[in-house]
Amino acid sequence: SRVHWSELPSKFLASLDDYAENDGLIFTGVGFFDVGIAVMCGKLDWLADKYVHVGQPSRSKEEIIALLRHRLRPVRTKSA
């Protein structure tokens, strides 16, 4: 859906339960490109330091890094 930038904060707050229920990854103080660069440079420990808990299962820094590695695995498809 199209959301005006001024509505993003309230939309985000209204979605916090969804993020928690779906084990979403939320970071503070970083932008989209910062996340991409951190991933490409292997700085998952830095990214884990920016993780924000909003109701997801409680995790240590090491568990967050492991979750990031798990979710960043290549997607394999079977050839026809």
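Shown above is the structure to which this text applies.
Just so you know, these numbers come straight off a predicted model, no measurement behind them.

Turning our eyes to something else, we now look at the pattern of salt bridges. Counted by the stated rule, this structure contains 3 salt bridges. In this structure, the salt-bridge partner of arginine 59 is aspartate 23, at a minimum N-O distance of 2.5 Å. Here the residue arginine 59 occupies a position in the loop between helix H4 (44-49) and helix H5 (61-71), and aspartate 23 occupies one in the loop between helix H2 (16-21) and helix H3 (32-40), the gap between them amounting to 36 residues. In this structure, the salt-bridge partner of aspartate 23 is arginine 71, at a minimum N-O distance of 3.4 Å. Residue aspartate 23 is located in the loop between H2 and H3, and its partner arginine 71 is located in helix H5; the two are separated by 48 residues in the primary sequence. On the basis of relative accessible area, aspartate 23 is assigned to the buried category, the value being 15%. A relative accessible area of 39% means that arginine 71 is categorised as partly exposed.

Conventions used here
- Here the residue index of a chain counts from 1 through its sequence in written order.
- Reporting of local features is limited, given that this is a predicted model, to residues whose pLDDT is at least 70; pairs of side-chain atoms are given and counted only at 80 or more, and all residues count toward the totals for whole chains, interfaces and linings.
- Neither water nor hydrogens contribute to the side-chain values; these are computed over all heavy atoms in the structure.
- Counted as salt bridges are all cases of a side-chain nitrogen of Lys or Arg within 4 Å of a carboxyl oxygen of Asp or Glu.
- Where helices and strands are cited, they refer to DSSP runs of H or I of at least four residues and of E of at least two residues respectively, numbered from the N terminus.
- Relative accessibility thresholds used throughout: buried, under 20% of the residue-type maximum; exposed, over 50%; partly exposed, between the two (1.4 Å probe, protein chains only).

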